[in-house]
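# Structure at a glance
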Amino acid sequence: MSYVKTDGIIIKEVNTGEADRIVTILTKNRGKISAFAKNSRRPRSNLVAGTQIMCYSNFVLFKGRDMYTISSCDVLEPFYGLRCDVFKLTYSAHILELVNDIIQEEQPAVKTLQLLLNTLHFIDKTDRSSELFTRIFELRFLSILGYAPYVGGCINCGSLETDKMSFSFKKCGFLCNSCTIEDINAQALSIGAAKAIYYIIHCNIKDLFSFEVSDSVLEELSRVTKRFIKDRFDKDYKKLDFLKSL
Ligand SMILES: [Zn+2]
């Protein structure tokens, strides 16, 4: 018998059978895995809380031929607050969708897990902008995956001017005012947005959520991450569109 003990967060749940679930867990030790949670929808099951989406738990798993089976789990952080607010819930669901789509099964993902837990913590426990936390997550997540744009100056000529930078999706980095001719589709950035992007990519993770931006800078950040994600992963993520109708 092969048992594995690991901490992990449920990033997807699918009901199956009469009272079972198949869950996708982003774990500390095994990356993303799928696991069968037998009877976990029965109210008296000891798996009922820990196998719900967004719940972070310590799992004991049995490794079968095709899939893991959850033997037991102890809830470490339920992130209850995310379920009680439609904005927090929608931003969190968007983040989990990104992680589930992009992280491959059984690939080490310790940095992604740390970033995900920190982001959900700030969305859950504070009343600051969930949208800002989500944009920070997106940009830092892309960096962890190896898609960090070059933002230490102009990617074309190396100029360090910051007042008229634009973001080139084609060249994956900042362009200075004289070099914007290299990419006419680059998005112009305010100084605030350029500084925020630099900070998100380069700061220590413990300082990642410690800054605020104006509404207009947040709007710029959102345009950058949305298009960056679409270009890199060839998918339009639409969960957040629903919030505009509220
Ligand atoms: Zn330049």
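Everything discussed here concerns the structure shown above.
What comes next is a walk through the structure. Every chain's residues receive numbers from 1 upward, in the order its sequence appears when written. For a predicted model such as this one, the threshold for reporting local features is a pLDDT of at least 70, and the threshold for listing and counting side-chain atom pairs is 80 or more; totals across whole chains, interfaces and linings nevertheless cover every residue. As a rule here, side-chain values cover all heavy atoms of the structure and leave hydrogens and water aside.

## Things to note about the sheet that holds strand S6 (residues 166-168)
Note on pairing: two strands pair once DSSP finds at least 2 bridges between them. For helices the rule is a DSSP run of H or I covering at least 4 residues; for strands it is a run of E covering at least 2, with both sets numbered from the N terminus onward. Judged by pairing direction, the sheet is antiparallel, and its 3 strands sit side by side in the order S7-S6-S8 without closing on themselves. The open sheet is flanked by strand S7 (173-175) and strand S8 (187-188), the only strands paired with a single partner. Strand direction decides the pairing type here: S6 and S8, joined by 2 bridges, are antiparallel. Looking at S8, one finds that serine 166 is bridged to alanine 188.

## Topic: the layout of surface pockets
For cavity detection a 1 Å grid was placed over the protein atoms alone, and a set of points counts as a cavity when a 1.4 Å probe fits there but cannot get out; an open set counts as a pocket when protein lies on both sides within 12 Å along at least five of seven lines, with lining residues being those that have an atom within 4 Å of a point. Grid points are joined across faces, edges and corners, and a volume is the space filled by probe spheres set on the points. Roughly 400 Å³ of internal volume is contained in the largest pocket. Forming the boundary of the largest pocket are 20 residues, of which Glu131, Arg135, Ser222, Lys226 and Leu240 lie nearest the centre. Those elements that provide at least two residues to the lining of the largest pocket are helix H1 (86-102), helix H3 (130-147), helix H5 (215-233) and helix H6 (241-244). Looking at the lining of the largest pocket element by element, the count peaks at 8 residues for H5. For the lining of the largest pocket, the per-class residue count stands at 6 nonpolar, 2 polar and 12 charged. Note on residue classes: Ala, Val, Leu, Ile, Met, Phe, Trp, Tyr, Cys and Pro are nonpolar, Asp, Glu, Lys and Arg are charged, and everything else, Gly too, is polar.

## Some points on the packing of aromatic side chains
We call Phe, Tyr and Trp rings a pair once their centres come within 6.5 Å, taking the six-membered ring for Trp, and we label the pair stacked below 30 degrees between planes, edge-to-face above 60, and tilted otherwise. In total, this model carries 10 aromatic pairs according to the counting rule given. Relative to phenylalanine 133, the ring of phenylalanine 122 has its centre 5.6 Å away and its plane inclined at 55°; by these criteria the two rings are tilted. Taken together, the residues phenylalanine 122 in helix H2 (residues 110-125) and phenylalanine 133 in helix H3 connect sequence positions 11 residues apart. Exposure classes here rest on a 1.4 Å probe applied to the protein chains alone. A residue is buried below 20% of its type maximum, exposed above 50%, and partly exposed in between. For phenylalanine 122, a relative accessible area of 25% gives the class partly exposed. Judged by its relative accessible area of 0%, phenylalanine 133 falls in the buried class. For the ring pair phenylalanine 133 and phenylalanine 209, a centre distance of 5.7 Å and an interplane angle of 70° mean the geometry is edge-to-face. Of this pair, phenylalanine 133 sits in helix H3 while phenylalanine 209 sits in the loop between helix H4 (191-202) and H5, placing them 76 residues apart in sequence. Clustering of aromatic rings is evident, with ring pairs tying together Phe167, Phe169, Phe174 and Phe228.

## Details of the pattern of salt bridges
In the sections that follow, a salt bridge refers to a side-chain nitrogen of Lys or Arg positioned within 4 Å of a carboxyl oxygen of Asp or Glu. This structure, assessed with the given rule, holds 18 salt bridges. A salt bridge links arginine 42 to glutamate 18, with the shortest nitrogen-to-oxygen separation between them at 3.8 Å. Taken together, the positions of arginine 42 in the loop between strand S3 (31-37) and strand S4 (56-63) and glutamate 18 in the loop between strand S1 (3-16) and strand S2 (20-27) put the pair 24 residues apart, joining distant regions of the chain. Under the relative-accessibility criterion, arginine 42 is labelled partly exposed at 39%. The salt bridge partner of lysine 206 is aspartate 207, with a shortest N-O separation of 3.6 Å. One network of salt bridges, with partners in common, ties together Glu97, Asp101, Lys235 and Lys239.

## What about H3?
H3 sits mainly inside the fold: 13 of its 18 residues count as buried. Any N or O atom pair separated by 3.5 Å or less is treated as a polar contact, with the protein-specific requirement of one donor-capable and one acceptor-capable atom, and with residues adjacent in sequence counted only for side-chain atom pairs. A distance of 3.3 Å separates the backbone nitrogen of glutamate 131 from a side-chain oxygen at the start of H3, and that oxygen is part of serine 129.

## A look at the sheet that holds S2
If you trace the 5 strands once around the closed barrel, you get S1-S2-S3-S5-S4, paired in mixed fashion. Direction aside, the axes of adjacent strands within the sheet are offset by 50° on average. By the bridge criterion, 2 bridges tie S3 to strand S5 (residues 68-77) in an arrangement that is parallel. Across the sheet, residue alanine 35 finds its bridge partner in S5, namely tyrosine 68. The contact criterion used throughout is that any non-hydrogen atoms of two residues lie within 4.5 Å. To get an axis, fit a line to the C-alpha atoms, keeping to the stretch in contact for a helix; angles then go from 0 to 180 degrees between the N-to-C directions. The strands touched by H1 are S1, S2 and S3; relative to S1, the strand with the most contacts, the crossing angle is about 110°.

## Observations regarding the coordination of the zinc ion
Taken together, Cys154 (SG), Cys157 (SG), Cys176 (SG) and Cys179 (SG) make up the protein donors of the zinc ion, found 2.3 Å from the metal. Seen from the zinc ion, its 4 donor atoms lie at angles of 104 to 115°, and the figure they make is tetrahedral. For Na, K and Ca the donor cut-off is 3.2 Å, while for other metals it is 2.8 Å, and in both cases only N, O and S atoms qualify; water is not among them, so sites may look incomplete. Each donor residue of the zinc ion belongs to the same chain, and together they define the spacing C-x2-C-x18-C-x2-C. Each member of the pair, cysteine 176 together with cysteine 179, is buried. Tetrahedral means four donors with every angle between 85 and 135 degrees, whereas square planar (four donors) and octahedral (six donors) require angles over 155 degrees between opposite donors and between 65 and 115 for all others; sites fitting neither are termed irregular.

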